[in-house]
There are 6 protein chains.
Amino acid sequence: MRILVVNVNTTPSMTEGIVASARAAAAPGTEIVGLTPRFGADSCEGNVESYLAALGVLDQVLKYPEPYDAVIQAGFGEHGREGLQEALDVPVVDITEAAAITAGLLGHKFGIVTSLDRTVPLIEDRLLLAGLDRRCSAIVASGLSVLELEQDHARTVAAIVAKAKEIVEQRGVEVICLGCGGMAGLDEAVSAATGAPVVDGVAAAVALAEGLVRMKLSTSKVRTYAPARPKKLSGWPLP
Amino acid sequence: MRILVVNVNTTPSMTEGIVASARAAAAPGTEIVGLTPRFGADSCEGNVESYLAALGVLDQVLKYPEPYDAVIQAGFGEHGREGLQEALDVPVVDITEAAAITAGLLGHKFGIVTSLDRTVPLIEDRLLLAGLDRRCSAIVASGLSVLELEQDHARTVAAIVAKAKEIVEQRGVEVICLGCGGMAGLDEAVSAATGAPVVDGVAAAVALAEGLVRMKLSTSKVRTYAPARPKKLSGWPLP
Amino acid sequence: MRILVVNVNTTPSMTEGIVASARAAAAPGTEIVGLTPRFGADSCEGNVESYLAALGVLDQVLKYPEPYDAVIQAGFGEHGREGLQEALDVPVVDITEAAAITAGLLGHKFGIVTSLDRTVPLIEDRLLLAGLDRRCSAIVASGLSVLELEQDHARTVAAIVAKAKEIVEQRGVEVICLGCGGMAGLDEAVSAATGAPVVDGVAAAVALAEGLVRMKLSTSKVRTYAPARPKKLSGWPLP
Amino acid sequence: MRILVVNVNTTPSMTEGIVASARAAAAPGTEIVGLTPRFGADSCEGNVESYLAALGVLDQVLKYPEPYDAVIQAGFGEHGREGLQEALDVPVVDITEAAAITAGLLGHKFGIVTSLDRTVPLIEDRLLLAGLDRRCSAIVASGLSVLELEQDHARTVAAIVAKAKEIVEQRGVEVICLGCGGMAGLDEAVSAATGAPVVDGVAAAVALAEGLVRMKLSTSKVRTYAPARPKKLSGWPLP
Amino acid sequence: MRILVVNVNTTPSMTEGIVASARAAAAPGTEIVGLTPRFGADSCEGNVESYLAALGVLDQVLKYPEPYDAVIQAGFGEHGREGLQEALDVPVVDITEAAAITAGLLGHKFGIVTSLDRTVPLIEDRLLLAGLDRRCSAIVASGLSVLELEQDHARTVAAIVAKAKEIVEQRGVEVICLGCGGMAGLDEAVSAATGAPVVDGVAAAVALAEGLVRMKLSTSKVRTYAPARPKKLSGWPLP
Amino acid sequence: MRILVVNVNTTPSMTEGIVASARAAAAPGTEIVGLTPRFGADSCEGNVESYLAALGVLDQVLKYPEPYDAVIQAGFGEHGREGLQEALDVPVVDITEAAAITAGLLGHKFGIVTSLDRTVPLIEDRLLLAGLDRRCSAIVASGLSVLELEQDHARTVAAIVAKAKEIVEQRGVEVICLGCGGMAGLDEAVSAATGAPVVDGVAAAVALAEGLVRMKLSTSKVRTYAPARPKKLSGWPLP
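Quick look at the structure, then.

Calculation criteria
- Residues numbered from 1 in each chain as written.
- Chains lettered and ligands numbered in written order.
- Predicted model: local features only at pLDDT ≥ 70, side-chain atom pairs only at ≥ 80, totals over all residues.
- Heavy atoms only, no water.
- Helix = DSSP H or I, 4+ residues; strand = E, 2+ residues; numbered from the N terminus.
- Buried < 20%, exposed > 50% of the residue type's maximum accessible area, 1.4 Å probe, protein only.
- Least-squares fit on C-alpha atoms with pLDDT ≥ 70 in both.
- Contact = heavy atoms within 4.5 Å.
- Phe/Tyr/Trp six-rings, centres within 6.5 Å; stacked < 30°, edge-to-face > 60°.
- Salt bridge = Lys/Arg side-chain N within 4 Å of Asp/Glu carboxyl O.
- Buried area = accessible area lost by both parts, 1.4 Å probe.
- Nonpolar A, V, L, I, M, F, W, Y, C, P; charged D, E, K, R; others polar.
- Pairing = 2+ DSSP bridges.
- Axes fitted to C-alpha atoms, helices over the stretch in contact; angles between N-to-C directions.

**Section: the environment of His-153 of chain C**
Residues and elements named next belong to chain C. Inspection of the secondary structure puts His-153 in helix α7 (residues 153-170). By relative accessible area, which is 55% here, His-153 ends up exposed. C-alpha separation for the pair His-153 and Gln-60, spaced 93 residues apart in sequence, amounts to 30 Å.

**Here's the deal with the relation of the copies chain A and chain B**
Once chain A is rotated about the relating axis by 180 degrees and shifted along it by 0.0 Å, it coincides with chain B to within an RMSD of 0.0 Å. Seen this way, the second copy is the image of the first under a two-fold rotation axis. Comparing interface residues between copies, 100% of those in chain A also lie at the interface in chain B; the contact surface is shared.

**Brief notes about the packing of aromatic side chains**
For the structure shown, the criterion picks out nine aromatic pairs over all chains. Consider the rings of Tyr-64 of chain B and Tyr-68 of chain B, whose centres lie 5.9 Å apart with planes at 70 degrees: the pair is edge-to-face. In this pair, the class of Tyr-64 of chain B matches that of Tyr-68 of chain B, namely buried. Relative to Tyr-51 of chain F, the ring of Tyr-51 of chain E has its centre 6.2 Å away and its plane inclined at 55 degrees; by these criteria the two rings are tilted. One end of the pair, Tyr-51 of chain E, is in helix α2 (residues 47-63); the other, Tyr-51 of chain F, is in helix α2 (residues 47-63), on a second chain.

**Focus on the pattern of salt bridges**
Side-chain pairs of opposite charge can arise whenever the charged atoms involved come near each other. Summed over all chains, the structure comprises 72 salt bridges over all chains. Across the pair Asp-117 of chain C and Arg-223 of chain D runs a salt bridge whose closest N-O atoms are separated by 2.9 Å. With Asp-117 of chain C in the loop between β6 (110-114) and α5 (120-130) and Arg-223 of chain D in the loop between α9 (201-214) and β10 (233-234), this pair bridges two chains. A relative accessible area of 12% means that Arg-223 of chain D is categorised as buried. Notably, a salt bridge pairs Arg-229 of chain E with Glu-45 of chain F, separated by 2.9 Å at the nearest N-O pair. Of this pair, Arg-229 of chain E sits in the loop between α8 (201-214) and β10 (233-234) while Glu-45 of chain F sits in the loop between β3 (40-41) and α2, on two different chains. Note on Glu-45 of chain F: relative accessible area 2%, which makes it buried. Within this structure, Glu-45 and Glu-49 of chain A together with Arg-229 and Lys-231 of chain B form a network of salt bridges that share partners.

**Topic: the interface of chain A and chain B**
At the interface, 49 residues of chain A touch 49 residues of chain B. Buried surface at the junction of chain A and chain B, both sides included, amounts to about 4200 Å², of which 57% is carbon and sulfur. Looking at the side of chain A facing chain B, the largest losses of area belong to Tyr-51, Arg-118 and Arg-223 of chain A, adding up to 17% of the total buried there. Where chain A touches chain B, the interface holds 10 salt bridges. Note that Glu-45 of chain A is salt-bridged to Lys-231 of chain B, the shortest N-O span being 2.9 Å. For the side of chain A that touches chain B, the secondary structure elements donating two or more residues are β3 (40-41), α2 (47-63), α3 (81-87), α5 (120-130) and β10 (233-234) of chain A. No other element matches α2 of chain A, which puts eight residues into the side of chain A that touches chain B. Of the residues in the side of chain A that touches chain B, the class split is 23 nonpolar, 12 polar and 14 charged.

**Brief notes about the sheet that holds strand β2 (residues 31-35) of chain B**
All names here are of chain B. One open sheet holds the four strands; their spatial order is β2-β1-β4-β5, and the pairing between them is parallel. One side of each edge strand has no neighbouring strand; the edge strands of this open sheet are β2 and β5 (92-94). Across the sheet, the axes of successive neighbouring strands diverge by a mean angle of 20 degrees, strand direction being ignored. Pairing between strand β4 (residues 70-74) and β5: three bridges, direction parallel. Paired with Gln-73 across the bridge in β5 is Asp-94. The strands that helix α2 (residues 47-63) touches are β1 (2-7), β2 and β4; relative to β1, the one it contacts most, it runs at about 150 degrees.

Shape descriptors only; they carry no functional weight alone.
Printed below as a string of structure tokens:
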């Protein structure tokens, strides 16, 4: 099976990291194809960037010329999943929701460590809409921006571990989600330091997508995600 | 004061209807400027169309060359308000939220009559995120599409009145919100038939926006809607 | 248009402060009439006082001899709004709800700084009933009583600013509501110190009431606030 | 022990019915004293009447010259319990909450059959504030006013039984609460017709109050219900 | 009337303490019979132990040879109440729910001090299912295990008082529940130190059970707790 | 990898059906081992049976002599998952939660069709505890008991299809979960009749378990599901 894993920003090195994470998690026989939007921000840390990402991801998926079996939107707290579900016949998995679902299978309460504080409300909104908020007892920021996360590995680990320990000890968190695509690969260090399982949303999304494909299940088309009605669209395909 | 009222679709006749509704509600001295997106769908009844609208509205507002005091996003259940709040310094009001807020001031429970059933979940999501869902006891569809609403006035009134009466009588609804920009101007007929106050979201948004401007209040910039961080944006301004 | 702004306590100097705040916020052409209850407490900081206020406000409004277009109940966290809505044909706005609604238009989460800790649960109850609680992430007390708030201006500002900064920095608050009628006029100092917009409930209520009047909307009479059934009332008008 | 059971309206025959119900439920050695407000409505079916009841009940309790051990406020869906809790040192039980608590001990979901539809939202509000709403799956009206309930016994039973059966069969209700003080004594007929246990709020409140007194527990005075601060009160005792 | 009070663990000295607490709370004429499970853990502080307790309690009740009027399950945060309700015709009261109900009658918010941190989530789950969670603003652990609670009285009191004061001062708690059967008898010390009423779940459950029996109310048999359908059961009665 | 799939009742033919369903869903290389409890009910349709199942499943898993990688508890709405999570080091997946999670990935709202009405509240409770209730808009009963489901295939399909269509058309349901282990294999017929995707909880659980194993994730041991403390257990292993 072939799964498209779509970065939400235009930085190819982040796509590579995400793809590596996805491949490490994939079952034998799963082909992971990484896509990078043609337009949008080089990193997503805000609302406009997130809306741009919604269309940038959709645009790139619709242009993909080969068959595929599932799509993963690889941005934490970003918009766009509903549009993909409506536009596509294959199942769609968002890494924010995948992380929350997986963490929920592993402990009574989970928490999320993300990049900057300004992205916390976006993640809160995604979990609320997905109905996955009630067992999330903490969403906290490491204080490092998406691009800083990639720079100084030791600093990044230290910042995330510090926040992860804090929410395990003080907020009842039993499972940690790495709340940014740029944190891929840090799960072992964080788990070793906290004693708690650590969920990487990209890996979690791959597992969920593979399961849906194997069960031959895809997005319901009876109501919310029914194919779009015939419309006159201007300025599409973008840009 | 000048308020930009932005349609979410590319149909100029709908922009005209919305502007007429806004002008009828505006206080003396308020100038209403209607904007129509350069790109997007001719009517919004789905998720992709809604995400396109988010950017279409933003694009049009950012290109507007004159000063203005507030922005109203005139689509029921559409995405995009958060992006406008982040990008702009003036207050932003979404008509979905404006209608719900206003209805909440007038009765113990309110309900919404919208166009097609497929748009009900989008409205549910907007209210949930805004924390305005709990006193909304019914969101129902008239069964008429956005463009059909404009065609046969008598049929439109009959369809909306039928649903409005149903939710007043059976679901505890005390106030009706017209859940589609294309329903502007129907409030009197629906109110006469049900005995309940009827809220037009565009008018409600104008009143709220005027109030914010007069109080010199605008979107908080301390966290969620702080100005975007410096980023490399590709493919923007769109298209 | 004429709006009655009714203090919830019997201290005329507080009515004056409230009226000044309302007038500063009113649109040209809006006449603000301040009313002070004939009976009740000189300041409201508890449950019995709040129930007395409910009737004191109603009594004073019902005795008002001239026509009017809207009523504002100017007490933070007090009982009584439902009674006014039932008894009157004009729209009624409570300043607690007005502040929460307005703050909700300006940020992802808001907070309230009130007078004494014992009034926090009353405010919580009002927001819960109004369905406006979910985006309120903190209600905190300055520790100053209603009457102390009026005494030492510098101390008052310092106490409120300290609490406002605390909840902005630690509780995700992006907008501050001044949670006591006696805090009118402090918005600029608090906003300057925190960088967050500050909402004065009286001003917010004036804006909402003006909007309702201009839209010719008033309380629904189809169920909860239908006119009272014919009853034998003893001991009324009070006292 | 002596328990004051206070009617919320000024109709002495209803006080008698309530007292009879309370006495039938009381343990040996419990003295039930019935009180009727000096002022207020002859029956409570609305918001103003409910606020009047809050003060009418408080007034009557404060004037009671003998010692007593607990107070029961015998109105379904009425205001006032918080004021009593603040003003008194003995425990206070509201029959709405008592019925909901008791029903919650007997089944997975409970329902309430009340008098007129207009009182349903008041009951909803009381349960919401008390945190007792989630397991209440239906609040429905018999269509008979408070005073009509007392007139034609057969009609009253038939109306209540019809509604009770409906919510047992269609809304998952397993326990019925009689949602009006005037329904005292109908529990057996309703239980026989539905097969479900039927809770009379007055009896339930007596049992809860007796338990609190025997455990020597009373309202906490550490915060919400601390004694009122010294205030200048005008027009009190009312009228 | 005779009430069976069933310990959830196999330690007879704890049964004795629970029975003493129940007897102290019981009305004249109530006979308290203490039961200890034949199998299970000597103290319950985890999930497997809790499930064992569910069956151990049921087994012991079903084997009890004399008539009885009510059953109290005397474990804080344990499984099993639903099974007893289904299997028995008499009312069943769980001490976790009894404590929460009683605390809810005494203050705006309550809190629970339990033994070890690992039992906090179990208590959270019980309150959530019972719909009694919303007014519980804190569940905290003393850090002492169930058996340690019985050893050093002074240390136990000090640990519980410290936590109780903390949640009264910092988390809005107005009433304290002792969240472990082994804390029976500590209510006076904790109340003296905090100024807040302290609820002992065993006493609270006795009062509620007595009330239900006196009202001749028992578990509804119309749906969730209807008698079991005829089944082939293997390995029962256990062991 | 080896996954233990444990039936909750003692009927071996049902275990066979469940195992067949699990094997059909499993990835190549996954070995499915079916287990049947030594004690308990021949079908689970109530609370006592559910508690027995909790221990029956645990007993059987603990006795299993070979290594294994994950455990699936194959009962819809049954107790026991928390005990398995505490007792085991490998991940545990409950089919109720697995179905809800999977349905949540496929539509805006999902619904469940189960066997008898009396089991609906048990399923509600499981979803509530798992925080997976909010997007479930309907849980309905086919009216056929667990064992009847296996008897007349045509009648079973007709009963389930009728209920599934009802909730798709009237309750906003977009995805159907088959709410009973005995419904395995009916997904295609129900999907064909409703046009909605149909989730079989056993298949869904296999996919989730495989994913967790492949990601090397297991239950967090930092708090709720930490290994049991050393205890004196009587009567265990049961019976």
